Amino acid sequence: MAGASSGPKNTSKNTSKNRGPLAGLRLIDLSTEITGPYASKLFADAGADVVKVEPPTGDPLRRWTASGQRLAQGEDGALFHYLNAGKRSVLADWSAGSAAELVLDLVGGADLVIESFGPGGAAELGVGWEAIHDRNPACSLVSISPWGGKGPWAHRPATEFTLQAATGSTANRGLPARGPVGAGGRIGEWIPGSYAAVGALSAWLSARRTGQGQHVDLSMFECLCLSMTIYHDLNSQFFEGPLPQGIETPSIEPTKDGWVGLCTITGQQWKDFCALIGHPEVAEDDRFYDAKMRMAHLDFIHRIIHGYTKEHTTEEIIEVMSLARIPVNPLGNGRTLLEMDHLLEREVFIRNPAGFQQPRPPYRLGSREQKPELRPAPRLGEHTQELEAEEGRRAPLEPEGGGPLPFEGLRVLDLTAFWAGPIATSFLADLGADVIKVESIQRPDAMRFAGSVRNETMWEFNPIYHGCNSSKRGVTLDLESEAGMALLRRLVETADIVAENFSPRVLENWGLDWETVHALNPRAVLVRMPSFGLNGPWRDRVGFAMSIEQVSGLAWLTGYDDLPLVVRGACDPLGGMHAVFAVGLALEERRRSGEGQLVEVPLMEPAINIAAEQMIEWSAYGAFLERQQNRGPHAAPQGVYACADRDEMDASPGHVAIAVATDAQWEALRSALGDPEWARDPALSSAGGRRAAHDRIDEQLRVWTSARTRREAAETLVSAGVPAHECINTHCLWPNPQLEDRGFFQEMEHALVGRLRYPGLPMSFSGLPRALRRLAPPLLGEHNEEILRDELGLTDEEIDELREKKVIGERPAFM
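The structure reproduced in this document is the subject of the present report. Computed from a predicted model, the values in this text were never measured in an experiment.

### A short note on the overall build of the chain
Tallying secondary structure elements over the chain gives 33 helices and 26 strands in all. Radius of gyration (C-alpha) of the chain: 26 Å, near the 28 Å computed for a compact globule of 815 residues. Its C-alpha atoms give the chain principal-axis dimensions of about 80 × 65 × 50 Å. Within the span of the chain, comprising 815 residues, buried residues form 63% of the whole. For the chain, the proportion of contacts with a sequence separation of at least 24, taken over those separated by at least 6, is 76%.

### A closer look at unusual backbone geometry
A cis geometry characterises the amide bond from Gly-241 onward to Pro-242, with omega recorded as -5°. Tracing the sequence through the fold places Pro-242 in the loop between α10 (232-238) and β7 (252-255). Residue Pro-637 is reached from Ala-636 by a cis peptide bond, and omega for that bond is 0°. Mapped onto the elements, Pro-637 comes out in the loop between α26 (612-621) and β21 (638-646). Within the chain, Glu-347 stands out as a residue other than glycine whose phi angle is a positive 55°. With respect to the secondary-structure elements, Glu-347 resides in the loop between α16 (341-345) and β10 (349-351). A positive phi angle, close to 90°, is found at Arg-568, a residue other than glycine.

### Let's talk about the sheet that holds strand β16 (residues 497-500)
Here seven strands make up an open sheet; going across it, the order is β12-β20-β17-β16-β13-β14-β15 and the pairing mixed. Whereas interior strands pair on both sides, the edge strands pair on one side only; in this sheet they are β12 (364-365) and β15 (472-476). As judged from the three bridges shared by strand β17 (residues 525-528) and strand β20 (residues 598-600), these two strands associate in the parallel manner. Bridge pairing in β20 links Val-527 to Val-599. Sheet strands touched by helix α18 (residues 420-430): β13 (411-414), β14 (434-439), β15 and β16. Its angle to β15, the strand with the most contacts, is close to 130°. Where helix α20 (residues 482-494) meets the sheet, its contacts fall on β13, β14 and β16, and the angle it forms with β13 comes to roughly 150°.

### Digging into the packing of aromatic side chains
Each aromatic ring pair is described using two quantities: the centre-to-centre distance and the angle formed by the ring planes. A full pass over the atoms with the stated rule returns 20 aromatic pairs. Taken together, a centroid distance of 5.0 Å and an interplanar angle of 80° make the contact between Trp-147 and Trp-153 edge-to-face. Comparing Trp-147 with Trp-153, the two get one shared label, buried. Between Phe-744 and Phe-745, the ring centres sit 5.0 Å apart and the planes meet at 65°, which makes this aromatic pair edge-to-face. For the pair formed by Phe-744 and Phe-745, the shared burial category is buried. Counting every residue linked through ring pairs, the aromatic cluster contains Tyr-38, Tyr-82 and Trp-190. Over the ring of Trp-153 we find Arg-156, and its NZ or CZ is 4.7 Å from the ring centre. The side chain of Arg-627 reaches across the aromatic face of Trp-556, ending 4.8 Å from its centre.

### Regarding the side chain of Thr-558
Relative to the helices and strands, Thr-558 is located in the loop between α23 (545-552) and β18 (559-560). On the basis of relative accessibility, which here comes to 0%, the residue Thr-558 falls in the buried class. Only 3.2 Å separates the side chain of Thr-558 from the backbone oxygen of Leu-554, close enough to count as a polar contact. Apart from residues no more than four positions distant in its own chain, Thr-558 is found in contact with Arg-173, Gly-182, Ala-183, Gly-184, Leu-563, Pro-564, Leu-565, Val-566, Val-567 and Arg-627.

### Looking at the pairing of strand β24 (residues 745-750)
Pairing between β24 and strand β25 (residues 754-759): six bridges, direction antiparallel. In the strand pairing of β25, Glu-749 is matched with Arg-755. What sits between β24 and β25 in their antiparallel hairpin is a turn of three residues.

### Focus on the sheet that holds strand β26 (residues 763-765)
Either a parallel or an antiparallel arrangement is found when strands of a sheet pair, and the pairing is made through backbone hydrogen bonds. Taken together, seven strands build an open sheet; the order of strands is β3-β2-β1-β4-β5-β6-β26 and the sheet is mixed. A single partner strand is all that each edge strand has here, and the edge strands are β3 (88-91) and β26. Across this sheet, the average inter-strand angle for adjacent strands is 20°, counted without regard to direction. As judged from the four bridges shared by strand β1 (residues 26-29) and strand β2 (residues 49-54), these two strands associate in the parallel manner. By the bridge assignment for β2, Asp-29 is matched with Lys-52. Contacts from helix α1 (residues 35-45) reach β1, β2, β4 (112-115) and β5 (140-145), with the element oriented near 165° to β1. Contacts from helix α9 (residues 220-227) reach β5, β6 (215-219) and β26 within the one sheet, and its direction differs from that of β6 by about 60°.

Calculation criteria
Along every chain, residues carry numbers that run from 1 in the direction the sequence is written. For a predicted model such as this one, the threshold for reporting local features is a pLDDT of at least 70, and the threshold for listing and counting side-chain atom pairs is 80 or more; totals across whole chains, interfaces and linings nevertheless cover every residue. With hydrogens and water excluded, all non-hydrogen atoms of the structure serve as input to the side-chain values. Helical segments are the DSSP runs of H or I of at least four residues, strand segments are the runs of E of at least two, and each set is numbered from the N terminus. Restricting the calculation to C-alpha atoms gives the radius of gyration, and the globule rule supplies 2.2 Å times the number of residues raised to the power 0.38. Burial classes: relative accessible area under 20% of the type maximum marks a residue as buried, over 50% as exposed, and values in between as partly exposed (1.4 Å probe, protein chains only). Working rule for contacts: check all heavy atoms of both residues, and any pair within 4.5 Å makes them a contact. Pairing between strands is defined by DSSP: at least two bridges between the two strands are required. A fitted line through C-alpha atoms represents every axis, and for helices the fit uses only the stretch in contact; the resulting angles, taken between N-to-C directions, go from 0 to 180 degrees. Each aromatic pair joins two rings of Phe, Tyr and Trp (for Trp, the six-membered one) with centres within 6.5 Å, and gets the label stacked for planes under 30 degrees apart, edge-to-face for over 60, and tilted for any other angle. When the NZ atom of lysine or the CZ atom of arginine is within 6 Å of a ring's centre and also within 35 degrees of its normal, the charge is said to sit over that ring. In protein, a polar contact means a hydrogen-donor-capable atom and an acceptor-capable atom, both N or O and within 3.5 Å, with residues adjacent in sequence counting only if both atoms are side-chain atoms; elsewhere, any N or O pair within 3.5 Å suffices.

Dropping the structure here:
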C-alpha cells in the first residue's frame, strides 16, 4: 500500500491549531475496532482533540484488512488510518499499575471519554465512571458494549452478526428456500458508532449546562433494534404475526449489463413502474400493492420485472425510471463508487495522508464547499511524551445554567417526513427540544399511509410513524396557500432549527431556501437532508433508504453470491443520527458567531462513510470486496445453521447464528461440541486455517445444530463462551429479558390507538430518567389551536376561517 506503512509523521503538537466547531474539546478514546473509533472520528473531523489510548500491542484494527493483506512490521491497515486520522496516540500498559493514573491524568483535562472494555471492564482497570467523575466531575463517559452495561445478558458473548440475529433482522431477510441472510460489512458495528457520537455530544452539552458529566451506557443491540427492524415491535402491536422471510420487489434486479436498484414505496410509484415495464394490468390487481403479496407470487413478479430489465441496460432503465420519479440507482461497490459522476462532482472522496481515497465527512456546514485537511493517523504511542508534558487538569467548569436535558430551550420546526428526518428530530425532542411537526391535510407525512392498519383513521395507525415521532407537537398548514406560508414564516421566526428532507426543489418551490430562512431568522439553523445532496447530477432524484443501500455499497456486501439484497431501512436512522451530530456542530458555530448555518446531510453520504472499507480496500490494495452470504472476514466459522425446530410462519427449519471471532472462542466451540475428532485438526487453531476449511466446518456444524432446537443450540454455545443467538422472528422481539431489565421500552397512551410500547433511545444517561419520551406521537393537526392561538396569537374566528379554507385541519383532505 503506497505510503501506508505507518503514514507520515503527525507533527501537529499545538492542538489549539485544530479548527472546526469542536476545537477546544478533548476526547479520550479508550475504545478499539470500529464502533468507538468511528464515534471519535466524527469528533476529530469536527476539530476536537482526540487522544487514543492504546496498549503496547495497539488497537487490533492496526493489523486488520478485510482482504487479508500481509502487512509489514509496523505497517497499519488502511481502515485504521481512515478511522483514526487526526488523532493522537498514547501508550498505556494496563498490566502495569501506572496506566490508570496516566488515563485519569488525561481525564483531568478532558470533556469526554469513550470506552469499549465491556460491562465492568473499565472499573476493573481503575478508569470506571466513579474514578472519572471523581477526577473530573464535568467529564462524561460513553461506555459501549454489545448488550449494555447491565442486565441478564450483559456478559453474553456476541458479535455484530449474532446481534443482528437477536433483533430478528436476519430471519426476516432472504429467500425461504435459501435460508436467512445477515447484513454484511460489519454494519452492526458502524451504526452504533453514530449513536455513540450523538450520545457523547449530548452528554457534553448537558455537562456544559449543569457542570456535571453524564455516564452514557450504550447498547449495540438496542441500536440495531432501532435501525434494522423498521419498528417491528410496534408493528407487532398493530398486526398479527409472525413476519415472513422475504425480499423486496422491485429491488436489485438484473439488467442487460449488470444490476439496477429500484424501489416503489408509494402506490403511485408501483402503478407507474408497472406501466413502464409494459404490464399496467398488474397494477390493476389491488393485491400487488401489498409487498407481502408480491413476495407470495415472487416467480410471477420476477418474470414480468426481468422480462423488462434484462432487455435494457442499467443506464437506459435509470433514464426511463428517473423521468417518472421512481427511485432508481446503479448498484454501487468499492470500485464503481469512486467513479460515479455525482460523487466526483460533489467531491465526496478525499485523499487520506496514507495514500488512498476515502469519503470526506458526511455533512456540509455553511453554504460554501468545505475541503477538510486530514492529519495522518498516529503511530503507536507517538504522542505519549507530548501528552505527559501537557498540563493535566483544567479549571473547574463554570455551569451555564439550566437542566440536564441538552436541547432544552431549543425550538425545532420539523418539516420532515418518512423516517430519516423524523428520527433525527425525535432524538432532539426526547432530549428536551420543543419540536413542532408541520404537515398539511393535502400532504400529510406519507409514512402515515405506508403499511398502515386499514381503518377509518388509518393515518393514525402506522407503526413507523409512531416509532419516530414521539415527544413532538403537530400542526397542519397548507404550504401551497399564501395563508399557510405566512404562518410558516412566523414559525420560522421563532425557531432555532428548521429541518426538512424533501428533494431539493420542494423547499425552493415554496420560496423557503436558505437565503429566505436566514433573512427571516438570522439565528436559525436550516437542516436539509435530501437523498443525494443539494447539487450534482443526481440532485433531483427521489430516493429512500433502500435506494441509498443499493448505491452506497451496503447492499453489495449483503445477500447471496448471485443476488445482492438491501439491508432494509438502516440508512434512515443512520442518516438521522449524523444529522443530529451536524446540528450540534452548527449550534456550536452559532455560539461563536451568533449566526445560523445551512446544514446539508445527504442521506447517501453517511451510508458511504460506513461502507467506506470497500472503497478503501480497492484504493489502497486493489482488493475488490464481495458478499459471501453469511460468511465474513471478521469471524470463521460464521453462519446461519438450520435446527430441529420449525419456523412459526412456514414450517421451514428454525436457525441459529454462530460467529467465532477469536481463537479462544474456537476453543470454546470445540468444548461445546464435545471436542470431536474433526475439530482437533491443528490447522483449525488459527483464523486463516478455519477460513480455509469453512465448508468442512459448516458441514459438521449443520449436523450438530440439526439435532437441536435453535434455543437449545444457542444456549449451549453461549454457556461455553461462543457468540451465538437463535434467529428470532422480528415480530417476536418482545418479551426480551435484556430489553426489559434496561427499560428500553416505554409505554404511552395514544389518543386513538391506546396504550402502546414505544422503543426508547439505545442508551441510558446517568443524570436523566430512562423513559425520556414526553408525548405520544401527535395526531394530524392535534396542536393546531395550541400553537396558532396560544403562541402565534390567532383568534378563534381566524382559526375557524383557516379550517374552513382547508389551510389547517385534522383529517386528510383526500380521505
